[in-house]
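# Summary of structural features
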Amino acid sequence: MEECIIVTGTARGIGAEILRQLQEGASERIIGTTRKASGNGEFPGLDVSDSQSIEGFASEVLRRRLRLRALINNAGVYSGRDRNDKDVDYVLHTNYHGPRLLTNALLPAMAPNARIIHISSGMGELSGYSAKAKEELLRPDITEDRLNELVKDYLALRNGKVVHNLSVKGWPDVAYCASKGALNTLTRIQSKLWPHLTVISVCPGWVRTDMGGPSAPRDVSQGADTPVWAAHAPELSSGKFYRDRKPIPY
Ligand SMILES: NC(=O)c1ccc[n+]([C@@H]2O[C@H](COP(=O)([O-])OP(=O)(O)OC[C@H]3O[C@@H](n4cnc5c(N)ncnc54)[C@H](OP(=O)(O)O)[C@@H]3O)[C@@H](O)[C@H]2O)c1
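Residues numbered from 1 in each chain as written. Predicted model: local features only at pLDDT ≥ 70, side-chain atom pairs only at ≥ 80, totals over all residues.

### Side note on the overall build of the protein chain
Scanning the protein chain from N- to C-terminus turns up seven helices and nine strands. Against the compact-globule benchmark of 18 Å for 250 residues, the protein chain has a radius of gyration of 17 Å, which places it among compact chains. Overall size of the protein chain, expressed as C-alpha extent along the three principal axes, is 50 × 40 × 35 Å. Across the 250 residues of the protein chain, 46% fall into the buried class. For the protein chain, restricting intrachain contacts to residue pairs at least 6 apart in sequence, the fraction spanning at least 24 positions comes to 68%. (Helix = DSSP H or I, 4+ residues; strand = E, 2+ residues; numbered from the N terminus. Rg over C-alpha atoms; globule rule 2.2 N^0.38 Å. Buried ≥ 20, exposed ≤ 12 C-beta atoms within 10 Å, placed from the backbone. Contact = placed C-beta atoms within 7 Å.)

### Side note on the sheet that holds strand β2 (residues 29–32)
With mixed pairing, the seven strands of this open sheet are ordered in space as β2-β1-β5-β6-β7-β8-β9. Strands with a single pairing partner mark the edges of an open sheet, and in this sheet they are β2 and β9 (246–248). For this sheet, the mean inter-axis angle between neighbouring strands, taken without regard to orientation, is 30 degrees. Looking at chain direction, strand β1 (residues 3–7) and strand β5 (residues 67–73) are connected through five bridges and run parallel. Note that in β5 the partner of I5 across the bridge is A70. Each of β1, β2 and β5 touches helix α1 (residues 13–23); the most contacted strand, β1, lies at about 160 degrees to it. In the packing of helix α7 (residues 220–232) onto the sheet, contacts are made with β1, β5, β6 (110–119), β7 (198–202) and β8 (241–243), and the angle to β6 comes to roughly 170 degrees. (Pairing = 2+ DSSP bridges. Axes fitted to C-alpha atoms, helices over the stretch in contact; angles between N-to-C directions.)

### As for unusual backbone geometry
At N40, a residue that is not glycine, the phi angle is positive and equals roughly 55 degrees. The topology assignment puts N40 in the loop between β3 (37–38) and β4 (43–44). Even without glycine at this site, R65 takes up a positive phi of about 55 degrees. Tracing the backbone through its elements, the reader meets R65 in the loop between α2 (51–63) and β5.

### Side note on the site of the ligand
As a structural note, the neighbourhood of the ligand is formed by 28 residues, with G9, G13, G76, T209 and G212 the closest of them. Looking at the shell around the ligand residue by residue, the classes come out as 13 nonpolar, eleven polar and four charged. (Near = placed C-beta within 6 Å. Nonpolar A, V, L, I, M, F, W, Y, C, P; charged D, E, K, R; others polar.)

### Things to note about the pairing of β5
A large share of β5 lies buried, amounting to six of its seven residues. Pairing of β5 with β6, which is carried by five bridges, proceeds in the parallel orientation. If you follow A70 over to β6, its bridge partner there is R115.

### Observations regarding helix α6 (residues 175–193)
Its 19 residues place the ends of α6 26 Å apart at the C-alpha level, agreeing with the 27 Å of an ideal helix rising 1.5 Å per residue. With 16 of 19 residues buried, α6 is to be regarded as a mostly interior element. (Expected span 1.5 Å × (residues − 1).)

### Examining the packing of helix α5 (residues 144–158) against α6
In a pair of packed helices, the angle between the axes and the distance between the axes together describe the arrangement. Their axes nearest at 10 Å, the elements α5 and α6 cross at an angle of 175 degrees. In this view, α5 runs roughly antiparallel relative to α6, as classed from their interaxial angle. Contacts between α5 and α6 pair E144, L147, V151, Y154 and R158 from the former with A175, A178, A182, T185, L186 and I189 from the latter. Looking at the contact of α5 with α6, its residues break down into eight nonpolar, one polar and two charged. (Parallel < 35°, antiparallel > 145°, perpendicular 65-115°, else oblique.)

### What about α1?
Inspection of α1 places G13, I14, G15, E17, I18, L19 and L22 among the buried residues, and these make up the whole buried set. Tucked into the core, α1 has its buried residues touching β1, β2, β5 and α7. Of the residues flanking the end of α1, it is G25, one or two places downstream, whose phi is positive at about 65 degrees.

### Concerning the environment of S120
With respect to the helices and strands, the residue S120 is situated in the loop between β6 and α4 (131–138). When the C-alpha positions of S120 and V162 are compared, they lie 29 Å apart, and in sequence the two are 42 residues distant.

### Some details on the packing of α1 against α7
With their axes 8 Å apart at the nearest point, α1 and α7 run at an angle of 55 degrees to one another. Taken together, the axes of α1 and α7 lie oblique to each other. In the packing of α1 onto α7, the handedness of the crossing is right-handed. Counted together, G13, I14, E17, I18, Q21 and L22 of α1 and V220, S221, G223, A224, P227, V228 and A231 of α7 form the full contact between these two elements. Per-class residue counts for the contact of α1 with α7 are eight nonpolar, four polar and one charged. (Left-handed = near helix turned anticlockwise from the far one by under 90°.)

As structure tokens, then:
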């Protein structure tokens, strides 16, 4: 079985740099995905906002019997002021459902001690949530189904529809923050669900990319450092949120 690391969203930005750094002296195959084609054209393109695209890509990985040492869920979008409902839906689908569905689809290909690295953001920190919403997200028994329900209610609330689940009212107004807060919660859920794997969130810091803009203090090599380190680091604490190679609070 050929061993590999998969990195999503490698057309540009931090993902392109993660791919470049991992490829230097790699002992396993490094597969970078883009929307058009992935792994130098051997795999279908991957649009992480589209569940069919995720299934198509994952089926090809499974068909080729690749053994995954690490999955770096990097692809992501920022919509700023969330101009309309479509933006809010798209951000949650790309930044939360995308990594969630891709990780689930690739689970059968994971090596017993594989790493799942979700590229998140300090903007998803729980300080942006009300005390009640924070308490719900930090519940030790929260499940993926419950989190999906909360995300669904958040979308309904943002789209002006009736919501019965009052706890989502304390979520941040900016969909990007909500999407990364949900992703961090998923990290904690998955780390408990799969004790044989290591699942972490990583904040790359504020980085000069199309997303981060020209004023950001970090360059892409600094942004890529922690995810690249985490792919091979001898010891990582599953379920934690990392920045600059160290755990930080959620
Ligand atoms: N830059 C920062 O300051 C910063 C800070 C904290 C966290 N982050 C996180 O770091 C990650 C990378 O950000 P970045 O700054 O490198 O952003 P970027 O320069 O905007 O690049 C985003 C990457 O994600 C891909 N992508 C977006 N939507 C996708 C989709 N639906 N399907 C597949 N690929 C998709 C893009 O591909 P296309 O070229 O096809 O659009 C591109 O390769 C994101 O998760 C982001 O939230 C960034």
